[in-house]
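# Observations on the three-dimensional arrangement
Read off the chains here:
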Amino acid sequence: TLEAYQSLFKRDDTVAHFKGDGIEYSTFEEKTIWVGDYVIVRVDNGGSIFDRIYHISTDRLALVGQNVVDRMDDTYSLQELEAMDVIEVLFEGPIEAGAAPNGDEILTDMIIETPYKTFANVIVTQRTETDGSVNETYYAPGYGIVATRFTSADGYQVQSLLQSIDEGETNSSL
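Residues numbered from 1 in each chain as written. Predicted model: local features only at pLDDT ≥ 70, side-chain atom pairs only at ≥ 80, totals over all residues. Heavy atoms only, no water.

Along the chain, the regular secondary structure elements total two helices and 12 strands. Of the regular secondary structure in the chain, the N- to C-terminal order runs α-β-β-β-β-β-α-β-β-β-β-β-β-β. Its C-alpha atoms give the chain a radius of gyration of 15 Å, within 12% of the compact-globule value 16 Å for 174 residues. With the C-alpha coordinates aligned to their principal axes, the bounding extent of the chain is approximately 45 × 35 × 30 Å. Looking at the chain alone, contacts between residues at least 24 apart form 43% of all its contacts between residues at least 6 apart. Summed over its atoms, the accessible surface of the chain is roughly 8800 Å², and 46% of this surface lies on carbon and sulfur atoms. In the chain, the 11 positive side-chain charges and the 31 negative ones have mean positions that sit 4 Å from each other. (Helix = DSSP H or I, 4+ residues; strand = E, 2+ residues; numbered from the N terminus. Rg over C-alpha atoms; globule rule 2.2 N^0.38 Å. Contact = heavy atoms within 4.5 Å. Areas by Shrake-Rupley, 256 points an atom, 1.4 Å probe, with all protein chains shown as cover. Lys, Arg positive; Asp, Glu negative; His and termini not counted. Charge placed at Lys NZ, Arg CZ, Asp CG, Glu CD.)

Now for empty space enclosed by the protein. To locate leftover empty space, one rolls a probe as large as a water molecule over the atoms. Counted under the stated rule, the structure contains one cavity of 30 Å³ or more. By volume, the largest cavity amounts to about 60 Å³. Lining the largest cavity we find Leu8, Phe9, Lys10, Glu30, Thr32, Val41, Tyr54, Gly144 and Ile145. Partitioned by chemical class, the residues of the lining of the largest cavity number five nonpolar, two polar and two charged. (1 Å grid on protein atoms, 1.4 Å probe; cavity = no way out; pocket = protein on both sides within 12 Å on 5 of 7 lines; lining within 4 Å. Points joined across faces, edges and corners; volume = space filled by probe spheres on them. Nonpolar A, V, L, I, M, F, W, Y, C, P; charged D, E, K, R; others polar.)

To continue, consider the nonpolar core. Core analysis: the largest hydrophobic core is formed by 33 residues, its most contacted members being Phe9, Leu61, Phe91, Phe119 and Val146. It is strand β9 (residues 118-128) that contributes the most residues to this core, four residues altogether. Counting 13 residues, the second-largest nonpolar core is a separate cluster that includes Ile49, Ile53, Ala62 and Met72. (Core = buried A, V, L, I, M, F, W, Y, C linked by side-chain atoms within 4.5 Å. Buried < 20%, exposed > 50% of the residue type's maximum accessible area, 1.4 Å probe, protein only.)

Written out as structure tokens, the structure is:
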């Protein structure tokens, strides 16, 4: 399970570019930073730079931080990361189709086509909001997040698809 969770992220210091459609901030650059069992996914969408910080353990993958930062090269110490509280548990135990601990629906063995390539064996998390809108995140083992899609209750879509990777092809060395 630890390796399955680790495979949901790109290699350390990888920079990925996403092509967006629907709103101007759906095109973004993402940098992956590994610090021990923590993964910082730093996103610059042209309007702001923000981090989503994850903690990986043998039995779960948890979101522990969401922060706006000043620069793409801001850093955290291991002590700062260890002091963060769990915001939500994304996966617990084996990754299987069904309900996630945070209430999302998990779909497995999906296929997604991106400008970078077509991915198979994709894990999709779907979150349906109270207004009927749906947020989907597509994880390709060895590549991490390769697509996101928001669909409003009236059908309007905003999506971001992996377009290129600058450093490191996959995280398959784990």
